[in-house]
Amino acid sequence: MKLAKTLLLAGVMLSPVAYSTESTLTDKQLSGGATTVLDKSSNAFSLPANNLSILRRDNFFIGNAFFKQPWVIAPSSTSARDGLGPLFNSNSCQGCHVKDGKGHPPLTREDSFLSTLVRVSIPAETTTQKALLTTTGVVPEPTYGDQIQPTAIPGVKGEATPRFTYEEIQGQFKDGEAYTLLKPSLKLDKPNYGALHPQVQMSVRVAPVMIGMGLLEAIPEADLVALADPEDKNRDGISGRLNQVWDVKAQKTVLGRFGWKANQPTVAQQSAGAFHGDLGITSPMFANAPCSSTQADCLKAPHGGQPEINQELMDMVSFYASLLAVPARREVDTPEVLKGERLFKAANCSACHLPELKTGVKPDFPELEHQSIQPFTDLLLHDMGEGLADQRPDFLATGSEWRTAPLWGIGLIETVNGHTRFLHDGRARNLMEAILWHGGEAKPSQEYVLNLSKEERSALLRFLNSL
């Protein structure tokens with residue numbers, strides 16, 4: 001009754017979504033095991049796990065409602081979802097993860113960073129700063145914290161306006177076909193709280209697709225430890241490393257799984273961190289407003305309660321994020337797709353983008369347990385070379401290391417989100433450009449693709465788009 005009243009105060013209407021429960025899928029199509037849904041529409045990323053019981057679906061829809069609903073400025077009669085800001089990037093989770101999919105990076109200097117954010121920090125030089133890295137992973141920029149928030153409530157100034165400019169890089173495949181890559185450069189216009197630290201480190205991050213997060217959390221830690229080869233003892237040129245990050249709830253260092261640099265340990269902490277940094281909404285996990293000590297107006301602004309979202313609702317949002325279904329693969333037996341799959345393996349892309357993993361025991365989430373899944377990731381950090389380096393370390397991740405991005409659902413991003421921009425900052429305009437940006441440990445794979453014929457490149461892309 002208490003939760004129902006909270007939802008009524010929030011103006012939230014709960015309504016189930018339609019999804020397919022067809023049982024004719026082959027094992028190869030079951031990217032998310034028994035959680036997989038057969039959907040290739042614009043709603044493909046927004047469906048509950050196929051094996052989620054009717055009795056547990058209310059929690060999913062409640063979490064969905066608070067994920068989608070805009071938050072408002074406090075004080076407000078809508079007391080269950082007020083407290084936006086004072087500084088923020090978006091007024092809802094859905095504002096960045098549109099349809100639970102991939103954010104849209106800016107294409108021109110005039111475009112806003114609505115679903116793209118800028119991380120900021122400074123190098124750790126003092127003993128105190130180095131000690132801080134154990135629990136924060138970075139040393140926040142003294143004035144602007146660890147994230148630029150361009151928007152603010154009335155009476156408070158947004159922090160700055162990020163802008164991109166692009167440099168064109170020309171190249172060609174072995175068969176002579178030319179290509180162009182876009183290298184972005186970031187600038188912050190109108191820094192309203194003074195100049196940034198002279199050694200500031202900045203990194204642009206596009207909101208990632210939400211599907212399958214609970215499945216990734218359910219992969220046993222021992223399995224990921226076994227995959228890691230930081231010293232490349234097997235001499236295959238691949239030296240995946242685990243990130244070790246701070247678990248706020250457990251108050252200890254644990255394995256990192258989520259985020260572009262694997263800097264978050266759990267779906268719950270990832271969700272609470274996004275509420276805090278992106279919306280300015282406090283929770284039991286992150287209880288203080290995201291204002292630095294120099295931002296007086298931000299510190300004095302009204303709040304929507306302490307905390308602004310309670311643990312019960314935060315748990316519902318995490319439940320929702322954990323049980324977003326993975327859509328089934330398509331065209332798996334098409335000859336061109338099969339050829340592309342062989343090329344994917346021949347290029348050694350599958351060394352990091354692992355086709356198959358298994359989940360283990362996941363307390364409170366029986367739907368996610370003991371599933372054979374196809375995420376096409378190892379969740380490890382890999383050196384991707386100077387071309388993609390942001391030169392911003394995060395916990396153990398260096399400035400050139402990135403977590404292997406899951407590829408499941410990648411062929412549906414255009415359908416769901418209306419674009420084909422890839423990589424951490426969205427610089428790649430299509431999947432081939434994303435491949436061509438691979439360097440470091442992935443340089444041999446990139447060179448293999450450069451030597452493919454046009455027909456072979458087409459087959460490789462057809463395979464990726466089947467995922």
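Each remark here, short or long, concerns the structure printed above.
Throughout what follows, the structure given in this document is the object of discussion. (Residues numbered from 1 in each chain as written. Predicted model: local features only at pLDDT ≥ 70, side-chain atom pairs only at ≥ 80, totals over all residues. Heavy atoms only, no water.)

### A short note on helix H2 (residues 54-68)
- With 15 residues, H2 extends 21 Å between its outermost C-alpha atoms, agreeing within 8% with the 21 Å of an ideal straight helix rising 1.5 Å per residue.
- Within the sequence span of H2, burial applies to Arg57, Phe60, Phe61, Ile62, Gly63, Asn64, Ala65, Phe66 and Phe67. (Helix = DSSP H or I, 4+ residues; strand = E, 2+ residues; numbered from the N terminus. Expected span 1.5 Å × (residues − 1). Buried < 20%, exposed > 50% of the residue type's maximum accessible area, 1.4 Å probe, protein only.)

### With respect to the environment of Ser445
- Along the chain, the position of Ser445 falls in helix H12 (residues 443-450).
- Looking at Ser445, the relative accessible area reads 12%, which means it is buried.
- Residues Ser445 and Ala321 lie 124 residues apart in sequence; the distance between their C-alpha atoms is 33 Å.
- Setting aside its immediate chain neighbours within four residues, Ser445 contacts Ala347, Asn348 and Cys349. (Contact = heavy atoms within 4.5 Å.)

### What about the state of the cysteines?
- Scanning the model with the defined rule gives 1 disulfide in all.
- The disulfide partner of Cys291 is Cys298, and the gap between their sulfur atoms is 1.9 Å. The chirality of the disulfide connecting Cys291 with Cys298 is left-handed, given an S-S dihedral of about -60°.
- Assessed through its relative accessible area of 15%, Cys291 is described here as buried.
- In this structure Cys298 comes out as buried when scored by relative accessible area, which is 2%.
- There is no disulfide at Cys93, and the cysteine sulfur nearest it, in Cys96, is 8.3 Å away.
- Residue classification places Cys93 among the buried residues on the basis of a relative accessible area of 8%. (Disulfide = S-S within 2.5 Å.)

### Quick notes on the pattern of salt bridges
- Counted under the stated rule, the structure contains 19 salt bridges.
- The partner of Glu341 in a salt bridge is Lys28, with the nearest N and O atoms 3.0 Å apart. Of this pair, Glu341 sits in helix H9 (residues 335-346) while Lys28 sits in the loop between helix H1 (2-9) and H2, and the two are 313 residues apart along the sequence.
- By relative accessible area, Glu341 is classed as buried at 13%. (Salt bridge = Lys/Arg side-chain N within 4 Å of Asp/Glu carboxyl O.)

### Looking at the packing of aromatic side chains
- All chains considered together, the criterion is met by 13 aromatic pairs.
- Members of the aromatic cluster, connected to one another through ring pairs, are Phe60, Phe61, Phe67 and Tyr320.
- Above the ring of Phe173, the side-chain terminus of Arg457 is found at 3.8 Å from the ring centroid. (Phe/Tyr/Trp six-rings, centres within 6.5 Å; stacked < 30°, edge-to-face > 60°. Lys NZ or Arg CZ within 6 Å of the ring centre and 35° of its normal.)

### Some words on the packing of H2 against helix H8 (residues 311-322)
- In the contact formed by H2 and H8, the axes pass within 7 Å of each other and the chain directions differ by 100°. Comparing the axis directions of H2 and H8 gives the class roughly perpendicular. On H8, the residues that touch Arg56, Asn59, Phe60, Ile62, Gly63, Asn64, Phe66 and Phe67 of H2 are Leu313, Met316, Val317, Phe319 and Tyr320.
- A class-by-class count of the residues in the contact of H2 with H8 yields 9 nonpolar, 3 polar and 1 charged. (Axes fitted to C-alpha atoms, helices over the stretch in contact; angles between N-to-C directions. Parallel < 35°, antiparallel > 145°, perpendicular 65-115°, else oblique. Nonpolar A, V, L, I, M, F, W, Y, C, P; charged D, E, K, R; others polar.)

### What to know about the sheet that holds strand E7 (residues 201-206)
- Read across the sheet, 3 strands follow the order E3-E2-E7 without closing on themselves; strand pairing throughout is antiparallel. Two strands close off the open sheet at either side, each with one partner strand: strand E3 (147-148) and E7.
- As paired strands, strand E2 (residues 116-121) and E7 are joined by 6 bridges and run antiparallel to one another. By the bridge assignment, Ser121 is partnered in E7 with Gln201. (Pairing = 2+ DSSP bridges.)

### Regarding unusual backbone geometry
- Of note, the bond from Ala74 into Pro75 is cis; its omega dihedral lies within 30 degrees of zero at -5°.
- Among the secondary structure elements, Pro75 is positioned in the loop between H2 and strand E1 (87-88).
- Residue Pro86 is reached from Gly85 by a cis peptide bond, and omega for that bond is 10°.
- By the element assignment, Pro86 lies in the loop between H2 and E1.
- Backbone geometry places Asp100, a non-glycine residue, at a positive phi of 65°.
- As for its placement among the helices and strands, Asp100 is situated in the loop between E1 and E2.
- Positive phi, normally seen in glycine, also occurs at Lys190, with a value near 50°.
- With respect to the helices and strands, the residue Lys190 is situated in the loop between strand E6 (178-189) and E7.
- A residue is classified by how much of its surface remains accessible, and Lys190, at 64% relative accessible area, is exposed.

### Concerning the pairing of strand E8 (residues 244-247)
- The pairing of E8 with strand E9 (residues 252-255) spans 4 bridges and is antiparallel. Paired with Asp247 across the strands is Lys252, a residue of E9.
- What sits between E8 and E9 in their antiparallel hairpin is a turn of 4 residues, with Gln251 showing a positive phi close to 55°.

### Some remarks on the packing of H9 against helix H13 (residues 454-464)
- Direction vectors running N to C along H9 and H13 enclose 95°, while the axes themselves pass 7 Å from each other. Between H9 and H13, the crossing angle belongs to the class labelled roughly perpendicular. Of H13, the residues touching H9 (which contributes Glu336, Val337, Lys339, Gly340, Glu341, Leu343 and Phe344) are Glu455, Glu456, Ser458, Ala459, Leu460, Arg462, Phe463 and Leu464.
- The residue makeup of the contact of H9 with H13, split by class, is 7 nonpolar, 2 polar and 6 charged.

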